[in-house]
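Listed here are the chains, written in short residue letters.
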Amino acid sequence: MILGPLEDLQCDPAIIQGQQKKLSLIHKNTIRLLNLVKQILEFRKTETQNKKLCVVQEDIIEKVKEIGLKYKELNRNPDVTFEIEISTPHTLLYFDPEVITMILDNLLSNAFKYTHTGKIALTVRAVRVDEVEYTEFNISDTGIGIPEEDLSYIFERYYQSNKQRKIPGVGIGLALVKNLVHLHQGTIFVTSKPDGGSAFTFRLLTHNTYPDAIHLDTVPQDPEEEKINKPIVLIVEDDHDIRDYIAGELQNSYEVIVAENGEQGVEAAFTTVPDIIVSDIMMPGKDGIELCKEIKSSVATSHIPIILLTARDTLQDKTEGYNVGADSYITKPFSASLLRSRITNLLETRKKIASLIFAGASFSLKHSIIQDSLNSIDNEFLEKITKIVEENLMDEKIDIPSIADQLSMSYSSLYRKIKALTGMSTSEFVRKLRMKKAEQLFLSGKYNISEIAHQVGFQSLSYFRECFKEEFGMSPSEYMKKIKEG
């Protein structure tokens, strides 16, 4: 009720710049208030035993990298380096993704809040204590540290060290962290010294199956997804860690192409015409918004779905992206499963739109569903190529390269464009238009079968009958009989 109208005001062009700054300050603190309320509610749930553990069996390293990469992306302090150190590349265990996220978010945000120079490190390793195997998570920093006399109270609710009272906070975060670690049947401890930094360590039992927790089913990846003709995904990301992470997660299901910045991304898009693009927004030089605008304004690439990745989940950012044609937004940190799901859904949506293009008794690009589903450039492209093909239907072999020239496109770009929009090859697209035109001529009742075959470019009557039956499930003569009876 507060954020909605506030974000509408921020998008109002009538608001002067000075007032916009005040609105931005209000928005920032409203978000902070919302997060604080959420934290209090979560804390209350843990205290009253109403917080339930919902575990999945997955590689927890993937989740740690997702969270860590978000903080690496958001770190704008040149005097602080942030490192993610993983000594166990793959660690399959049962864990609650929401709980782990809340724990790491709290500990990492504190580390960045209290560290002005030096280093922050997120470390995961396997340890063995008294013959019991644990997975250990450590968040260390070189910040202001905690006085020794405060260490025994640091996890108590509402407690704040005298050294930290000048920094905003209400003392709930670490108490919530402790409760969440205990909920996850783990242990947590801290070491610190004034002006020497702090290190928070929590451990989870590696082989704990949590029999009393709620177990969420995870869907194993189907090995049949490995196909020769994989869809092409272009990843545009300037941070090599994030770029490699995304590429690694998608490479089994897609042919992955990577670009290090916006300029390379645009060049790769025009060269390869990928099936989908995943791009960061915040990049030096040409950013994700500019990349999206350039790709969506070209007839060769306007059909390509674009997913924008952002660490700033604000209405203005999303509005700007959607205004230049972005198809979807994902806020960092994101799970690989979410990204894969979003890519799959966008590609499936493209297939559904393609199936609508030739659906129904008559072919019409003015169909409202199609027009609403495609952007103006793609609608214009389909109308233009349809007109060119229809004007040349009597030619048995339509010159596709010359059509590509008329559209100022290469043959390969035209092929990929038609394939993406209709699900058909260029030759299949032309044959479909021939059949739809033949259907219209049959419905007019003015021509016989051989005349219609000639008008739609078939010199062989037998081949025309074969194509017609494949399209409509009956021979031309059966179709004419059906029209007369109907």
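See above for the structure.
Analysis parameters
- Residues numbered from 1 in each chain as written.
- Predicted model: local features only at pLDDT ≥ 70, side-chain atom pairs only at ≥ 80, totals over all residues.
- Heavy atoms only, no water.
- Helix = DSSP H or I, 4+ residues; strand = E, 2+ residues; numbered from the N terminus.
- Contact = heavy atoms within 4.5 Å.
- Core = buried A, V, L, I, M, F, W, Y, C linked by side-chain atoms within 4.5 Å.
- Buried < 20%, exposed > 50% of the residue type's maximum accessible area, 1.4 Å probe, protein only.
- Pairing = 2+ DSSP bridges.
- Axes fitted to C-alpha atoms, helices over the stretch in contact; angles between N-to-C directions.
- Salt bridge = Lys/Arg side-chain N within 4 Å of Asp/Glu carboxyl O.

**Student:** Help me out: how do you make sense of the overall build of the protein chain in this one?
**Tutor:** Summing up its helical and strand segments, the protein chain has 18 helices and 13 strands in all. In the protein chain, of all internal contacts separated by at least 6 residues, the share reaching a separation of at least 24 is 65%.

**Student:** What am I meant to see in the nonpolar core here?
**Tutor:** Here is a general trend for soluble globular proteins: nonpolar side chains tend to be buried in one another's company. Counting residues in hydrophobic clusters, the biggest one holds 42 residues, and the most contacted among them are Ile103, Leu104, Leu107, Ile139 and Phe202. Examining the composition of this core, we find that eight residues originate from one element, helix 4 (residues 97-114), more than from any other.

**Student:** Just to check I follow, could you spell out the environment of Glu249 for this structure?
**Tutor:** Among the structural elements, Glu249 can be located in helix 6 (residues 240-250). The spacing of Glu249 and Ser335 is 86 residues in sequence and 9.9 Å in space, taken between C-alpha atoms. In this structure Glu249 touches Glu62, Ala336 and Arg340, once residues within four positions along its chain are discounted.

**Student:** Looking at this structure, I do not really get the sheet that holds strand 4 (residues 118-129). What am I missing?
**Tutor:** Strands belonging to one sheet form pairs held by backbone hydrogen bonds; the direction of such a pair is parallel or antiparallel. Reading across the sheet, the five strands line up as 2-4-5-7-6 and stay open at both edges, with mixed pairing between neighbours. Edge positions in the sheet fall to strand 2 (80-86) and strand 6 (187-192), since each of these pairs with one other strand and no more. Taken over all neighbouring pairs, the strand axes of this sheet differ in orientation by 15 degrees on average, direction set aside. The pairing of strand 4 with strand 5 (residues 132-141) spans 10 bridges and is antiparallel. Its bridge partner lying in strand 5, Arg128 is registered against Glu133. Helix-sheet contacts for helix 3 (residues 60-74) involve strand 2, strand 4 and strand 5, and the interaxial angle to strand 2 is about 170 degrees. Most of the contacts of helix 4 go to strand 7 (residues 198-205), to which it runs at about 170 degrees, and overall it touches strand 2, strand 4, strand 5 and strand 7.

**Student:** Looking at this structure, I do not really get the sheet that holds strand 12 (residues 306-310). What am I missing?
**Tutor:** The strand order across the open sheet formed by five strands is 10-9-11-12-13, and the pairing between neighbours is parallel. Taken across any chain shown, the strands that pair with only one partner, and hence form the sheet edges, are strand 10 (255-259) and strand 13 (328-331). Neighbour to neighbour, the strand axes of the sheet diverge by 20 degrees on average, direction disregarded. Where strand 9 (residues 232-236) meets strand 10, five bridges bridge the pair, whose relative direction is parallel. The residue bridging Ile232 from the neighbouring strand is Glu255, located in strand 10. Seen against the sheet, helix 9 (residues 315-323) touches strand 12 and strand 13 and runs at an angle of roughly 150 degrees to strand 13.

**Student:** Would you mind showing me how to read the pattern of salt bridges here?
**Tutor:** Pairs can form between side chains of opposite charge once their charged atoms are near each other. Under the defined criterion, the tally for this structure stands at 19 salt bridges. Among the salt bridges present, the one from Lys72 reaches Asp241, with a minimum N-O distance of 2.3 Å. Of the two residues, Lys72 sits in helix 3 while Asp241 sits in helix 6, which places them 169 residues apart along the sequence. Judged by relative accessible area, which is 28%, Lys72 ranks as partly exposed. The class for Asp241 is partly exposed, based on a relative accessible area of 29%. By sharing partners, the salt bridges in this structure join Glu83, Glu85 and Lys119 into a single network.

**Student:** Looking at this model, I keep getting lost on unusual backbone geometry. Mind explaining?
**Tutor:** Backbone phi values are negative for most residues with the exception of glycine, while trans is the configuration of most peptide bonds. Despite not being glycine, Gln185 has its phi angle at roughly 60 degrees, a positive value. For Gln185, the location among the structural elements is in the loop between helix 5 (173-183) and strand 6. A relative accessible area of 45% places Gln185 in the partly exposed class. Even without being a glycine, Ser408 presents a positive backbone phi close to 55 degrees. Along the chain, Ser408 turns up in the loop between helix 13 (400-406) and helix 14 (411-422).

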